[in-house]
Amino acid sequence: MIDNNVFRDVSYGLYIISTKYQERNVGCVINTLSQVTSENPVISFSVNKNNYTNEAIKATNKFGISIISEKIKEEVIYQFGYHSSRDVKKFANCTYEEVNGIPVVTEGMCSYLICELIQTVDCGTHDIFIGKVISSKKLSQEKEMTYRYYHEVIKAVAPKNAPTYIEEKNDEKGATESDNNSNRTKKDDEDIIEDSNETKTGNAISKEEAGRAKTKENEHETSGVFEKYRCIICGYVYDEAVEKVKFTDLPADWKCPRCGVGKENFAKVVE
Ligand SMILES: Cc1cc2nc3c(=O)[nH]c(=O)nc-3n(C[C@H](O)[C@H](O)[C@H](O)COP(=O)(O)O)c2cc1C
């Protein structure tokens with residue numbers, strides 16, 4: 001028997017791997033980097049075979065690694081960690097440098113490395129890339145962000161393509177729920193409840209959508225019952241008390257403002 005919770009005891013940092021592929025700047029967040037040797041430094045990390053960055057690194061054989069600091073704008077992690085370069089221009093909203101033809105994100109980073117691919121190891125769903133470091137630059141004195149910090153301070157989780165992904169149970173799907181205030185959410189992971197204090201406002205819904213839901217909102221306020229719904233993909237919490245619109249009244253095509261998935265990926269938080 002394998003207890004997946006044991007893997008939570010393994011510690012990591014957070015990084016953005018990047019390269020230029022078919023004239024486009026591409027890259028993604030990874031947490032699996034490790035230093036393999038110090039003399040003629042060699043590093044390794046694993047990337048899911050479905051990630052566009054995997055295809056790009058195999059084609060270009062060179063890449064940059066930006067070491068994420070605690071001062072990074074969260075949006076940069078969400079852009080690089082939950083979306084694919086197949087669909088979005090990830091570098092459009094962040095500061096980066098081009099080094100030896102490789103784009104490296106510099107904003108909110110401790111430092112970066114430029115590497116050449118020396119070996120790829122097939123591990124089933126993921127490949128391990130092994131690279132020789134050819135140059136590096138220190139960018140700031142900020143503290144490097146750890147995976148634990150990402151979970152506990154930012155209160156976000158890694159998506160399915162991350163090798164360290166641990167599935168969260170979601171028996172009560174937000175979108176399919178009608179009004180029901182009973183405690184039907186069955187939950188195996190206490191962390192989910194602990195995380196529920198997080199509240200993000202931002203552009204979760206447009207003013208127009210909010211207007212359409214106005215009547216329901218008034219009814220809801222009168223009843224004084226506010227729920228929270230948590231995205232099982234990224235950890236974003238939709239708080240009805242803040243948004244003033246009931247989760248079940250959001251339009252069917254509403255998307256998680258952090259990672260872009262639909263309502264069906266939200267589970268009611270039980271407090
Ligand atoms: C905190 C965090 C850690 C991640 N770690 C990894 C990783 O080590 N390896 C990996 O393949 N994907 C990892 N991912 C997922 C990729 O960043 C994500 O699938 C991304 O959308 C891939 O983009 P791409 O298709 O442009 O390559 C991580 C994501 C986050 C948010």
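Residues numbered from 1 in each chain as written. Predicted model: local features only at pLDDT ≥ 70, side-chain atom pairs only at ≥ 80, totals over all residues.

Visitor: Account for the overall build of the protein, naming residues and giving values.
Guide: Within the protein one finds 7 helices and 12 strands. Per-residue burial over the protein gives 38% buried out of 271 residues. Restricting the contact set of the protein to residue pairs at least 6 apart, pairs at least 24 apart contribute 71%. (Helix = DSSP H or I, 4+ residues; strand = E, 2+ residues; numbered from the N terminus. Buried ≥ 20, exposed ≤ 12 C-beta atoms within 10 Å, placed from the backbone. Contact = placed C-beta atoms within 7 Å.)

Visitor: Pulling in residues and values, what's your account of the site of the ligand?
Guide: Close contacts around the ligand come from 26 residues, with N51, T53, G81, S84 and N161 the closest. Among the secondary structure elements, those contributing two or more residues to the shell around the ligand are β2 (24-30), β4 (42-48), α1 (52-60) and α2 (74-82). Looking at the shell around the ligand element by element, the count peaks at 4 residues for β2. Residue classes in the shell around the ligand are distributed as 14 nonpolar, 11 polar and 1 charged. (Near = placed C-beta within 6 Å. Nonpolar A, V, L, I, M, F, W, Y, C, P; charged D, E, K, R; others polar.)

Visitor: Explain α1 to me, and be specific about the residues and the numbers.
Guide: For α1, the set of buried residues is T53, N54, A56 and I57. When α1 is viewed along its axis, its buried side chains cluster within an angular range of 165° and face the same direction. Taken from the residues just after α1, N61 is the one with a positive phi, measuring 65°. (Arc of directions from axis to C-beta.)

Visitor: Just give me the short version of the nonpolar core, but keep the residues and values in it.
Guide: Among the nonpolar cores identified, the biggest contains 55 residues, and Y15, I17, I65, I68 and C234 are the most heavily contacted of them. A domain-level breakdown of this core finds at least three residues from each of domain 1 (4-152) and domain 2 (190-268). Residue contacts for I65: discarding those within four places in its chain leaves Y15, I17, L33, Y112, L113 and C115. (Core = buried A, V, L, I, M, F, W, Y, C linked by C-beta atoms within 7 Å. Domains from an automatic or database assignment.)

Visitor: Tell me what's going on with the environment of T53, and back it up with residues and numbers.
Guide: Counting through the fold element by element, T53 comes out in helix α1. Given 26 C-beta atoms within a 10 Å radius, T53 is considered buried. Taking C-alpha positions, T53 is 8.9 Å from Y21, a pair spaced 32 residues apart along the chain. When residues no more than four places from it in sequence are discounted, the contact partners of T53 are I17, V26, G27, C28, V47 and S85.

Visitor: For the confidence of the model for the protein, give the residues involved together with the corresponding values.
Guide: Close inspection of predicted coordinates is inappropriate for parts of the model with low pLDDT. Mean pLDDT over the protein works out to 83, with 79% of the residues at or above the 70 mark. Here residues 170-207 is a poorly scored stretch, pLDDT under 50, and it has 71 contacts once near neighbours within four places are set aside; other chains count. (pLDDT = per-residue confidence, 0-100.)

Visitor: Account for the pairing of strand β10 (residues 228-231), with residues named and values stated.
Guide: The two faces of β10 match: K228 and R230 on one face and Y229 and C231 on the other face are all buried. Note: β10 against strand β11 (residues 237-239), 3 bridges, orientation antiparallel. By the bridge assignment, K228 is partnered in β11 with D239. What sits between β10 and β11 in their antiparallel hairpin is a turn of 5 residues, with G235 showing a positive phi close to 95°. Two strands pair when backbone bridges link them, and β10 and strand β12 (residues 266-268) are joined in this way by 3 bridges, in the antiparallel orientation. If you follow Y229 over to β12, its bridge partner there is K268. (Pairing = 2+ DSSP bridges.)

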